[in-house]
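Below, each chain spelled out in residue letters.
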Amino acid sequence: MSARRVVVLARAGAACDRTRAAVQQAGAELAAVLDPTAASEDEVRAGAPDAVLVVLDPVAEAALEKFDALLADPALTVMFDDAEVAARRDGWEAARWARHLAAKLHGHQDVLPAVPGDATRDFEQEMEDLTLQVAAMPPVAHQAKPSTAPANGAVVVAAGVGGPDAVRQLLGELPESFPRPVLLRQRIEGGQYDRLVRQMQRASRMQVMLAQPGEPLRAGTVYVMPDGLDVGEAPAGLHFVATAGEPAFAALRAADSAMLLLSGALPALVDAAMAMRWAGGLALGQAAENCFDPAASQALVGRGGEATGLAGMSRQLLQRWSA
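All residue numbers refer to position in the chain's written sequence, counted from 1. The predicted origin of the model limits local features to residues at a pLDDT of at least 70 and limits the giving and counting of side-chain atom pairs to 80 or more, whereas totals for whole chains, interfaces and linings rest on all residues. The basis for every side-chain value is the complete set of non-hydrogen atoms in the structure, without hydrogens or water.

Novice: So what's going on with the side chain of Ser-204? Residues and values would help.
Specialist: Secondary structure elements follow DSSP: runs of H or I no shorter than four residues count as helices, runs of E no shorter than two count as strands, and numbering proceeds from the N terminus. Here Ser-204 shows up in the loop between helix H9 (193-203) and strand S7 (207-210). By the criterion applied in these results, polar contacts are pairs of N or O atoms within 3.5 Å in which, for protein atoms, one can donate a hydrogen and the other can accept it, and in which residues neighboring in sequence qualify only through two side-chain atoms. Separated by 2.9 Å, the side chain of Ser-204 and the backbone nitrogen of Met-206 make a polar contact.

So this is what it looks like as structure tokens:
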């Protein structure tokens, strides 16, 4: 298999240097490294890339509009990374990121780097133990409580490390008139959720907003949920409420909801996902292919849930809720 050609769009600095090294470590051919504030679309295409990797910081992000046609080209694999995270990535995490890039570029599932000695066996055993522990947990009670004004449903998309690319791809498949709110719980370092809103708006035809306490949920809107928020129910409908920990999404009407566990989602959400499944809603994990961190998805499958590709997720959402 010939090496895939990659153009990196990144401003000069540590993040750019480490991204360049990761691309080469992934076995790809580095076609060009271009500063997005100075380069043009023609310069990127002159590198004849198979893939474009964008390293985002606020300045680079502001320059991306001129590349909209390029980044929407279905013939290209488009990947994004955060400059702050990339600059700090080293050691085992850097090796794992290089494996993730290789998986994205070549379509294989070899994401985890080799670790010397017994560390590989320890990690594999830890993942197996986690799956078994979750599978052994008692079922969550899923009998619906009677209510004169049941809450409406929503689509919960949970992700973490390695998840932004998957989220972009998923949101890009949903129409502007999608008839349910989409709640994005994407855990990111540094808590810069306003930047995540801007990034996701480029990929989504739906309106993307930063969720705020007290704000009602509206169909056809993607809400990026920062730390400290959950969903509550009031006579007027669903709204966002402050919480001390991770959201539980207990106020959603399970039979009219979906929970999608993408790369890096918290395994603690498996109980909520299975409760939705038992009540007639959707509960799907991201298939292992190209999944950077599949722990939650594997735990979901261990409990009898389903894992599928991103195209399968969007297809099931659109079958259930036609726009």
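Novice: Mind laying out the sheet that holds strand S13 (residues 306-308), listing which residues take part and the relevant values?
Specialist: Criterion used throughout: strands pair if DSSP finds at least two bridges between them. With parallel pairing, the seven strands of this open sheet are ordered in space as S7-S8-S6-S5-S11-S12-S13. Two strands lie at the open edges of the sheet, namely S7 and S13, each paired on one side alone. Averaged over neighbouring strand pairs, the angle between their axes works out to 25° when direction is ignored. Across four bridges, the pairing between strand S5 (residues 155-159) and strand S11 (residues 258-261) is parallel. Directly across from Ala-158, in S11, lies its bridge partner Leu-261. In this description, contact between two residues means that some pair of their heavy atoms is separated by no more than 4.5 Å. Note on geometry: axes are lines fitted to C-alpha atoms, helical ones only across the stretch in contact, with angles between N-to-C directions running from 0 to 180 degrees. Along the sheet face, helix H8 (residues 164-172) touches S5, strand S6 (182-186), strand S8 (221-224), S11 and strand S12 (282-286) and points at about 170° away from the line of S6.

Novice: Residue-level account of the nonpolar core, with values.
Specialist: Judged by nonpolar contacts, the single largest core of 28 residues is most densely connected at Val-155, Val-157, Val-182, Leu-262 and Leu-317. Put simply, the parts of the chain that give this core at least two residues each are S5, H8, S6, H9, S8, S11, S12 and helix H12 (310-320). In contact with Leu-262, not counting residues within four places along its chain, are Val-157, Ala-158, Ala-159, Ala-166, Val-167, Leu-170, Gln-286, Asp-293, Leu-310 and Met-313. Listed in part, the 27 residues of the second largest apolar core include Ala-158, Met-259, Leu-261 and Met-274. We call a set of buried Ala, Val, Leu, Ile, Met, Phe, Trp, Tyr and Cys residues a nonpolar core when their side-chain atoms join them within 4.5 Å. Only protein chains enter the accessibility calculation, which uses a 1.4 Å probe. A residue is then buried if its area is under 20% of the maximum for its type, exposed if over 50%, and partly exposed in between.

Novice: Outline the packing of aromatic side chains, supporting the account with residue identities and numerical values.
Specialist: Stacked, tilted and edge-to-face pairs are distinguished by plane angle, under 30 degrees for stacked and over 60 for edge-to-face with tilted covering the rest, among Phe, Tyr and Trp rings (Trp via its six-membered ring) whose centres lie within 6.5 Å. Scanning the model with the defined rule gives three aromatic pairs in all. Taking 6.0 Å as the distance between ring centres and 80° as the angle between the ring planes, the aromatic pair formed by Trp-97 and Phe-292 counts as edge-to-face. Pair noted here: Trp-97 is in helix H6 (residues 91-106) and Phe-292 is in the loop between S12 and helix H11 (295-302), with a separation of 195 residues, a long-range link. One exposure class covers both Trp-97 and Phe-292, and it is buried. Each ring is checked for a lysine NZ or an arginine CZ that lies within 6 Å of its centre and within 35 degrees of its normal; such an atom marks a charge sitting over the ring. Directly above the aromatic system of Trp-97 lies the positively charged group of Arg-89, at a separation of 4.3 Å from the ring centroid. When the ring centre of Trp-321 is taken as origin, the NZ or CZ atom of Arg-320, which lies over that ring, is 5.7 Å away.

Novice: For the sheet that holds strand S2 (residues 29-34), give the residues involved together with the corresponding values.
Specialist: The strand order across the open sheet built from four strands is S2-S1-S3-S4, with neighbouring strands paired in parallel fashion. The sheet is open, and its two borders are formed by S2 and strand S4 (77-82), each paired with just one other strand. Each adjacent strand pair in this sheet contributes to an overall mean axis angle of 20°, direction not counted. As judged from the six bridges shared by strand S3 (residues 51-56) and S4, these two strands associate in the parallel manner. Bridge pairing in S4 links Ala-51 to Thr-77. The sheet contacts of H6 involve strand S1 (5-9), S3 and S4, and relative to S4 the element is tilted by about 160°.

Novice: Quick one: what's the story with the pairing of S8, residue by residue and with numbers?
Specialist: Burial of S8 is two-sided: the residues Thr-221 and Tyr-223 facing one way and the residues Val-222 and Val-224 facing the other way are all buried. Direction of pairing for S6 relative to S8: parallel, over a ladder of three bridges. Residue pairing across strands places Val-182 opposite Val-222, the latter belonging to S8.

Novice: Before we move on, can you summarise the confidence of the model for the protein chain with the specific residues and values?
Specialist: The pLDDT value tells you how sure the predictor is about a given residue, anywhere from 0 up to 100. On average, residues of the protein chain carry a pLDDT of 83, and 84% of them reach 70 or more. Below pLDDT 50 for its whole length, residues 109-120 participates in 21 contacts with residues either more than four positions away or in separate chains. Taken as a whole, residues 140-151 scores under 50 in pLDDT and shows 14 contacts with residues more than four places along the chain or in a different chain.

Novice: A description of the packing of helix H10 (residues 270-278) against H11 should follow, citing residues and the corresponding values.
Specialist: H11 packs onto H10 with a crossing angle of 45° between their chain directions and a minimal axis gap of 10 Å. One finds that H10 runs oblique with respect to H11. Handedness of the crossing formed by H10 with H11: right-handed. Across the interface between the two elements, Val-270, Ala-273 and Met-274 from H10 touch Ala-296, Ala-299 and Leu-300 from H11. Just so you know how the angles are binned, under 35 degrees is roughly parallel, over 145 roughly antiparallel, 65 to 115 roughly perpendicular, and the rest oblique. If you view the pair so one helix is near and one far, a crossing is left-handed when the near helix is turned anticlockwise from the far one by less than a right angle, and right-handed when it is turned clockwise.

Novice: If you had to explain unusual backbone geometry to someone new, which residues and values would you point to?
Specialist: Positive phi, normally seen in glycine, also occurs at Ala-48, with a value near 45°. Turning to its location among the elements, Ala-48 is positioned in the loop between helix H2 (41-46) and S3. You can call Ala-48 partly exposed: its relative accessible area is 46%. For Phe-249, which is not a glycine, the phi torsion comes out positive at approximately 60°. Turning to its location among the elements, Phe-249 is positioned in the loop between strand S10 (237-242) and S11.

Novice: I'd like a rundown of the pattern of salt bridges, residues and numbers included.
Specialist: When a carboxyl oxygen of Asp or Glu is within 4 Å of a side-chain nitrogen of Lys or Arg, the pair counts as a salt bridge. Applying the stated criterion to the full structure yields 13 salt bridges. Close ionic contact of Arg-45 with Glu-41 constitutes a salt bridge, the shortest N to O distance being 2.9 Å. One end of the pair is Arg-45 and the other is Glu-41, both in helix H2 and four residues apart, which spans about a single turn. Note on Arg-45: relative accessible area 35%, which makes it partly exposed. Ionic pairing is found between Arg-185 and Glu-246, a salt bridge with its closest N-O pair at 3.0 Å. Taken together, the positions of Arg-185 in strand S6 and Glu-246 in the loop between S10 and S11 put the pair 61 residues apart, joining distant regions of the chain. Owing to a relative accessible area of 5%, Arg-185 belongs among the buried residues under this scheme. Note on Glu-246: relative accessible area 40%, which makes it partly exposed.

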